[in-house]
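Survey of secondary and tertiary structure
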Amino acid sequence: MMDKRTDRQMLRRKRLIWLLLILTICMLTGCGKKEDTASADGSGAEGQETEAETPELKEFSELNGKTVSMLTGAPFEELVKSKAPDVAQFTTYNNNPDMILALKSGKTDAALSNNAVGALAVNRNKGISLFPQNLQDGVFGFAFAKGSPLRDEWQAAYDKISREKKDELWEKWTGADESKKELPEQDWPGTNGTVRVAACDTLEPMSYAGENGVLKGFDVELILCMAKELDVHVEFTGMEFAAILSSVQADKADIGIGSIIATDERREAVDFVDYYPAAFVLLVRTKDSGSGETGAEGFWGSIAESFEKTFIREDRWQLFLEGIGTTLLITILSILFGTGLGFVVFLLCRKGNRFANVLTGFFIWLVQGMPVVVLLMILYYIIFSGVAISGTAISIVGFTLVFGAGVFGMLKVGVGAIDRGQTEAAYALGYTDRKAFFRIVLPQALPLFMPNFRRSITELIKATAIVGYVAVQDLTKMGDIIRSRTYEAFFPLIAVAVIYFILAAILTWIVNRLERCVNPKNRNKSAMLKGVKTK
């Protein structure tokens, strides 16, 4: 008992040390904004501001030998190579904030974006600037499945919106006045039904998650204007940019929106309603992006500002709560269903049924042989394509299969470690096979089973961080949404990490309590001797 208690204390100390180390590193690397350096009387400020706005790279030839990044699902390598044929490397990121942070930290030299998102990123981030030359002009488009009859209907509705109205909406959502950025209510009857719209939730000002996770932006309001003309209601689903076109093609959504530029390659896969001029632009660092000093007052002031933007502004703490609820729902149901599935399958295979063992071995090999994110996407976009089932339900199915495969393996090892003589002794006492297993063998196997079971639960709750790929707004996804609004990395990432630590600790504590209950060594003496006559 003392050894177990010492091990638990050491584990807690290690976790605390790691947490303090992470916090220290993040603080030392500068989570706050850098202040502009200028003389006390303001002299020379104008010259410094001009220098700050000067991009490091000005000509396409300077991109040769550099790293260029873009969002996953944005296949524009050839476009960049047409201007700079000797680019050293292309990298991709799942969302715009991660790409901007990579640019600011020097992990990439240029980030590809569009004119609307790029301009906003420059306004919100010191140390980056627009590349002086556009890569290519284009047009934003709303995506429809190839040959969908909805495309012509929505094209007609779009044509009825005046040019003045479109320009007014553009100015509203790309402007600085946040008080005007509200969506109209869907107060029309909606007699023609409901359409499902897949939207990127991290690309402000085109489409992004605002207060309480509600999607808003230029694309969103323009869709609502068209929906009112068609008298249909709209059901928006936020997801990663890379998943939008796949959702439309798999009939998970009727329309895909979110800062999509309609290229020739994309037109081969889906149809578009072109709705506003666009341009491919590059973001680069400014020449003095690495300079500047941050005093103690400025540092702690920036910490306070970052905290306010992450948790207080727009009640963003509620997004974390919503994400925690989704993560716990997926985790707990996957544990329950996975444990039940693994146990039932083990019982079917326990007596050596050849067919059951071969079939089970194949499926376990299949499930454990691929990354979980790939399994989820196969379930979402292929197996359950066209089926009205949410990403959360798909995630529960996927993690149930993964956890069930693990439970089967753990039971097989735990039960296999119990000497065959135990079963034979039970038979000699008149026990049936079922009673011998549940009363004699299983209670002895559980103490061997529980440590691996506890470890698997911790791994499961961390693995759920990938469910954003199938349009689930879990804890990690909510952190991404908040970072897309604030362009801050420190508090959103640290908050998510700390919450995962807490959730894992709570679930581990619960399993530890269960482990004590099922361990024969911890049984109450009077209960063990119940029905036994003693002198």
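All residue numbers refer to position in the chain's written sequence, counted from 1. Owing to the predicted nature of the model, reporting of local features is limited to residues with pLDDT of at least 70; listing and counting of side-chain atom pairs is limited to 80 or more, with chain, interface and lining totals taken over all residues. Processing note: side-chain calculations cover all non-hydrogen atoms of the structure and skip hydrogens and water entirely.

1. Topic: the pattern of salt bridges
We define a salt bridge as a contact between a side-chain nitrogen of Lys or Arg and a carboxyl oxygen of Asp or Glu at a distance within 4 Å. By the definition in use, this model includes 17 salt bridges. Linking Glu56 and Arg285 is a salt bridge whose minimum nitrogen-to-oxygen distance equals 3.5 Å. Highlighted residues: Glu56 in the loop between α2 (45–52) and β1 (67–71) and Arg285 in strand β12 (residues 270–285), separated in sequence by 229 residues. Its relative accessible area of 11% is what places Arg285 among the buried residues. Secondary structure elements follow DSSP: runs of H or I of four or more residues count as helices, runs of E of two or more count as strands, with numbering from the N terminus. Each residue is placed in one exposure class: buried if its accessible area under a 1.4 Å probe, protein chains only, is under 20% of its type's maximum, exposed if it is over 50%, and partly exposed if it falls in between.

2. Considerations on the packing of aromatic side chains
Aromatic rings from Phe, Tyr and Trp, with only the six-membered ring used for Trp, were paired whenever their centres fell within 6.5 Å, and each pair was classed as stacked if the ring planes differed by under 30 degrees, edge-to-face if by over 60, and tilted otherwise. The final tally for this structure, using the stated rule, is 23 aromatic pairs. A centroid spacing of 5.6 Å and a plane angle of 65° characterise the contact between Phe403 and Phe453, whose relative ring orientation is edge-to-face. With Phe403 in helix α15 (residues 391–416) and Phe453 in helix α17 (residues 433–463), this residue pair connects regions lying 50 residues apart in the sequence. Each member of the pair Phe403 and Phe453 is classed as buried. Ring pairing ties together the aromatic residues Phe140, Phe142, Trp170, Phe218, Tyr275 and Tyr276, which thus form one cluster. Each ring is checked for a lysine NZ or an arginine CZ that lies within 6 Å of its centre and within 35 degrees of its normal; such an atom marks a charge sitting over the ring. Directly above the ring of Tyr158 sits Lys166, whose terminal nitrogen or CZ lies 3.7 Å from the centroid. Lying across the ring of Phe437, Arg350 places its NZ or CZ 4.4 Å from the centre.

3. Considerations on the nonpolar core
Among buried residues, the Ala, Val, Leu, Ile, Met, Phe, Trp, Tyr and Cys ones that are joined through side-chain atoms within 4.5 Å form a nonpolar core. Phe142, Trp154, Phe218, Leu222, Tyr275 and Phe453 are the most contacted members of the largest nonpolar core, which totals 138 residues. Should any heavy atoms of two residues lie within 4.5 Å, those residues are counted as being in contact. Beyond its immediate chain neighbours, meaning those up to four positions away, Tyr275 contacts Val139, Phe140, Gly141, Phe142, Tyr158, Met206, Phe218, Asp219, Leu222 and Ser259.

4. Comments concerning a nonpolar patch on the surface
On the surface, Phe355, Leu359, Phe362, Phe363, Trp365 and Leu366 cluster together into a nonpolar patch covering about 670 Å² of accessible area. If you trace the backbone, Phe363 turns up in helix α13 (residues 354–368). Residues with no salt bridge and a relative accessible area higher than 30% make up the patches, which join like charges within 9 Å and nonpolar side chains (Val, Leu, Ile, Met, Phe, Trp, Tyr) within 5 Å. The method behind every accessible area is Shrake-Rupley, applied with a 1.4 Å probe, and residues are considered shielded solely by the protein chains displayed.

5. Looking at the side chain of Thr476
In this structure, Thr476 sits in helix α18 (residues 475–486). Only 2.8 Å separates the side chain of Thr476 from the side chain of Tyr500, close enough to count as a polar contact. Not counting residues within four places of it along the chain, the set of residues in contact with Thr476 comprises Ala465, Val496 and Tyr500. N or O atoms within 3.5 Å of each other form a polar contact, as long as, within protein, one can give a hydrogen and the other can take it, and as long as residues adjacent in sequence are counted only when both atoms are side-chain atoms.

6. Some thoughts on the confidence of the model for the protein chain
Close inspection of predicted coordinates is inappropriate in any region flagged by low pLDDT. For every residue, the predictor assigns a confidence score, pLDDT, that lies between 0 and 100. Across the protein chain, pLDDT averages 83, with 85% of residues at or above 70. Looking over the protein chain, one finds the lowest element-wise mean pLDDT in α2, namely 42, and the highest in strand β11 (residues 255–257), namely 96. Taken together, the stretch residues 27–51 has pLDDT below 50 and engages in 31 contacts with residues farther than four places along the chain or on a different chain.

7. Description of the pairing of β1
The buried fraction of β1 amounts to five of the five residues, a majority that puts the element mostly inside the structure. Looking at chain direction, β1 and strand β2 (residues 89–93) are connected through five bridges and run parallel. When the sheet's bridge partners are listed, Leu71 is paired in β2 with Tyr93. Note on the crossover from β1 through helix α3 (residues 77–83) to β2: the handedness is right-handed. In this scheme, strands are said to pair when DSSP sees at least two bridges between them. By convention, a crossover is right-handed whenever its connection, traced from the first strand over the helix to the second and viewed with the strands pointing away, goes clockwise.

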